[in-house]
Amino acid sequence: MSEIGSISQPLRVAIVGAGPAGFYVAEHLFKQKKLNIEVDMYDRLPTPFGLVRAGVAPDHPKIKSVVKIFDKVASNPGFRFFGFVELGEDVTVEDLRNHYHQIVYTTGAQTDRSLNIPGIDLIGSHAATTFVAWYNGHPDFRELEFDFSQESAVVIGIGNVAVDVARILCRTTDELAKTDIADYALDALANSNIREVHMLGRRGPAQGKFTHLELKELGELEDAEPYVLPEEAKLDDLSASTLANASRGTARNVELIEQFSLPKQSDKSKKLYIRFLVSPTELVGDETGQVRALRLGHNELYATEAGTLRPRLTDRFEVIPAGLIFRSIGYRGVPVPGVPFDNNWGVILNEKGRVIDPETKSPRVGEYTAGWIKRGPTGVIGTNKPDAVETVNLMLDDLNSDSVLEPSFPGPDAVKKLIMVRQPQFFSYDDWRRVDESEISRGEALGRPRLKYTRIDEMILLKNS
Ligand code: NAP
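Residues numbered from 1 in each chain as written. Predicted model: local features only at pLDDT ≥ 70, side-chain atom pairs only at ≥ 80, totals over all residues. Heavy atoms only, no water.

1. Quick notes on the pattern of salt bridges
The following threshold applies: Salt bridges are defined by distance alone: a side-chain nitrogen of Lys or Arg within 4 Å of a carboxyl oxygen of Asp or Glu. A run of DSSP states H or I qualifies as a helix once it reaches four residues; a run of E qualifies as a strand once it reaches two. Both are numbered from the N-terminal end. Between buried and exposed lies partly exposed: a residue is buried under 20% and exposed over 50% of the maximum accessible area for its type, with that area taken using a 1.4 Å probe on protein chains only.
The final tally for this structure, using the stated rule, is 36 salt bridges. Residues Arg 312 and Glu 300 are paired through a salt bridge, measuring 3.0 Å at the closest nitrogen-oxygen approach. Of this pair, Arg 312 sits in strand β13 (residues 309-321) while Glu 300 sits in strand β12 (residues 291-303), placing them 12 residues apart in sequence. For Arg 312, a relative accessible area of 40% puts it in the partly exposed group. Where Arg 450 meets Asp 436, a salt bridge forms, and the shortest distance between an N and an O atom there is 2.7 Å. With Arg 450 in the loop between α17 (429-445) and α18 (456-464) and Asp 436 in helix α17, this residue pair connects regions lying 14 residues apart in the sequence. Accessibility classification places Arg 450 together with Asp 436 in one group, the buried group. Each member of the salt-bridge network shares a partner with another, and the members are Asp 59, Asp 164, Arg 167, Arg 171, Glu 175 and Glu 217.

Spelled out as structure tokens, the structure:
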């Protein structure tokens with residue numbers, strides 16, 4: 001059995017990506033009480049927590065409270081954070097191989113799935129993922145502009161991200177001001193002229209990807225009312241026949257959607273239309289290239305051989321006016337420089353978390369992955385925990401069979417020296433804590449949970465002050 005993991009020779013692990021998957025990997029490693037493990041966590045941003053900071057909706061503070069667990073992980077004496085250090089720019093896979101026994105890639109899914117329909121690149125048409133990153137103050141997206149002078153917006157997709165986007169568009173300024181939404185987004189949305197939001201599902205109420213709590217919340221907005229067309233709330237025969245075996249969440253969604261479709265009087269100023277069995281077929285623009293409308297095809301469902309219900313277009317179409325469009329049809333992973341990638345699935349080539357060499361089809365010694373870049377962009381934050389455990393268990397099996405990297409410079413000081421040369425402005429966890437405390441105190445002054453720093457320059461100034 002390996003000596004690595006002993007007091008004199010700690011197991012040295014690099015985790016690339018400081019989102020939930022990375023922290024759950026670190027958490028499970030530190031649970032191995034018989035092993036001495038040191039973890040260095042890298043992130044290209046100075047701030048940790050990935051999508052918990054830049055993806056979770058600002059009006060969902062409870063979901064963000066998971067950072068308390070991550071903070072506890074970071075307080076382990078074997079943990080170091082190297083923020084603002086990018087793999088492929090500041091360090092390479094080769095550098096990591098020279099300094100660690102094991103490397104885990106937890107870089108998440110950093111872009112969106114594309115929707116190839118005519119007009120998708122018109123002005124006013126955006127990926128929902130960029131809007132989400134913008135309103136959450138991600139430094140790479142803060143300069144984006146969205147035209148809220150429009151009256152009608154469309155969100156394509158009915159997953160939880162689509163629901164987040166629709167809800168943020170429907171919230172009042174008072175509701176948003178209680179959150180940690182980026183200050184520029186709060187200002188821009190305060191001047192929003194949007195009165196109608198259309199959320200489009202290509203399948204029916206029983207196939208919505210939203211979770212029940214998120215759907216229910218749409219009925220509880222201060223100044224927006226959800227509407228469903230009665231003919232779209234009614235289940236088709238195929239969906240109705242599968243409902244008996246559906247999850248409780250699906251059954252409750254179907255019931256709630258039926259309620260949303262009942263006639264009602266509402267004096268709320270915004271209308272949120274949740275549509276089913278419609279697919280966008282074309283974005284229609286004006287002479288300036290600005291999107292003005294969306295052409296929709298009505299769908300029917302059919303059962304595949306595998307038993308899933310898929311949509312197909314009928315000969316019925318309609319056009320809805322819209323000046324702002326968000327496609328929210330899923331995230332997608334991007335390749336990590338120097339790491340094998342499966343382009344079809346947008347994930348690192350892997351087997352249960354072991355990175356696979358595309359030539360030999362065997363595991364690459366000492367390289368692992370977890371989270372969305374391992375399995376694709378599905379599941380909630382907690383889903384990353386069992387996923388991380390699966391990867392860590394393989395790492396421990398490999399350690400037991402002496403199948404680890406043999407770094408030339410395994411000590412913790414060597415890699416720190418390298419990083420000080422490559423990225424002298426790197427952020428330690430203490431540096432992040434200063435940013436965190438400052439954000440909270442700036443927020444307190446305004447009666448908000450925090451006021452985020454959204455420029456890296458500002459964070460560097462604070463760190464060096
Ligand atoms: P998602 O759950 O996969 O939803 C994608 C949506 O896009 C589905 O409605 C899908 O319809 C639709 N779609 C895909 N291709 C389409 C096309 N060509 N035309 C029209 N519609 C299309 O993805 P997501 O919303 O990005 O969420 C990603 C993950 O993060 C999910 O697991 C989600 O639950 C999670 N998340 C959770 C929360 C929360 O817990 N509050 C918040 C945000 C995100 P089909 O079903 O027909 O494919």
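Structure's up, so let's keep going.
2. Observations regarding the site of the ligand
Basically, it comes down to this: The cutoff for a nearby residue is simple: one of its non-hydrogen atoms must lie within 4 Å of the molecule or strand. Within 3.5 Å is the distance limit for a polar contact, defined as a pair of N or O atoms, with the added protein rule that one can donate a hydrogen and the other accept it, and that residues adjacent in sequence qualify only through two side-chain atoms. All accessibility values rest on the Shrake-Rupley procedure with a 1.4 Å probe; residue burial counts only the protein chains present in the view. In this classification, the charged set is Asp, Glu, Lys and Arg, the nonpolar set is Ala, Val, Leu, Ile, Met, Phe, Trp, Tyr, Cys and Pro, and all remaining amino acids, among them Gly, are polar. As used throughout, domain bounds are those supplied by an automatic or database domain assignment.
Taken together, the neighbourhood of the ligand is formed by 23 residues, with Asn 160, Arg 202, Arg 203, Glu 214 and Gly 379 sitting nearest. Within the backbone of Ile 158, one N or O atom sits 3.0 Å away from an oxygen atom of the ligand. Between the ligand and Arg 203, the relevant distance is 2.8 Å, taken from an oxygen atom to a side-chain nitrogen or oxygen of the residue. Protein contact buries 85% of the 920 Å² of open area that the ligand shows by itself. Considering every element that reaches the shell around the ligand, the biggest residue donor is helix α7 (residues 160-170), with 3 residues. For the shell around the ligand, the per-class residue count stands at 10 nonpolar, 7 polar and 6 charged. Among the domains, domain 1 (11-110 + 333-427) and domain 2 (113-330) are the pair contributing at least three residues each to the shell around the ligand.

By themselves, these figures tell us nothing about what the structure is for.
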